[in-house]
Amino acid sequence: MYLNEFKSLILSLRSDKRIIREFGRIYFYISGGVIENTKDYGNEKDDDNYRLGNYFLDRTQAKKVIDSKEWKVLWEKVRAGEIGND
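Throughout what follows, the structure given in this document is the object of discussion. None of these values were measured; they are calculated from a predicted model.

**A closer look at the packing of aromatic side chains**
The geometry of an aromatic ring pair is captured by two quantities: the separation of the ring centres and the angle between the planes.
Now for step 1: Tallying each qualifying case throughout the model produces four aromatic pairs.
Now for step 2: Seen in terms of ring centroids, Tyr-27 and Tyr-55 are 4.1 Å apart; in terms of plane orientation they differ by 15 degrees. Their pairing is stacked. In this pair, Tyr-27 sits in strand β1 (residues 26–31) while Tyr-55 sits in the loop between α2 (44–52) and α3 (59–67), placing the two residues 28 residues apart along the sequence. Here Tyr-27 and Tyr-55 have matching classes, each one buried.
Now for step 3: What links up through ring pairs into an aromatic cluster is the set Tyr-27, Tyr-29, Tyr-50 and Tyr-55.

See below:
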């Protein structure tokens, strides 16, 4: 399942797995291969990003994930139909 692979990838590449969440703070997340930022309002989208591990306190952390070999391999598998065809 695509979501599980994405979650595993994000968590395995993070150096600090215990991000302190602060509502009202700007955080960064990866969406469609692009780094986005938003304020944490504590809504469902923010909760999902946090639980998934797609929640970074600065752009540099998210960039490390996108630049990683594991990220590139994951997306090659998605494009080849090996992941996400459930």
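**Considering the side chain of Asp-40**
Now for step 1: Looking at the secondary structure, you find Asp-40 in the loop between β2 (34–39) and α2.
Now for step 2: Residue class for Asp-40 comes out buried when judged on its relative accessible area of 1%.
Now for step 3: In terms of polar contacts, Asp-40 uses its side chain to reach the backbone amide nitrogen of Gly-42, at 2.8 Å.
Now for step 4: Beyond its immediate chain neighbours, meaning those up to four positions away, Asp-40 contacts Arg-21, Glu-22, Phe-23, Gly-24, Arg-25, Tyr-27, Asp-46 and Tyr-55.

Basis of the calculations
- Residues numbered from 1 in each chain as written.
- Predicted model: local features only at pLDDT ≥ 70, side-chain atom pairs only at ≥ 80, totals over all residues.
- Heavy atoms only, no water.
- Phe/Tyr/Trp six-rings, centres within 6.5 Å; stacked < 30°, edge-to-face > 60°.
- Helix = DSSP H or I, 4+ residues; strand = E, 2+ residues; numbered from the N terminus.
- Buried < 20%, exposed > 50% of the residue type's maximum accessible area, 1.4 Å probe, protein only.
- Polar contact = N/O pair within 3.5 Å; in protein donor to acceptor, adjacent residues only side chain to side chain.
- Contact = heavy atoms within 4.5 Å.

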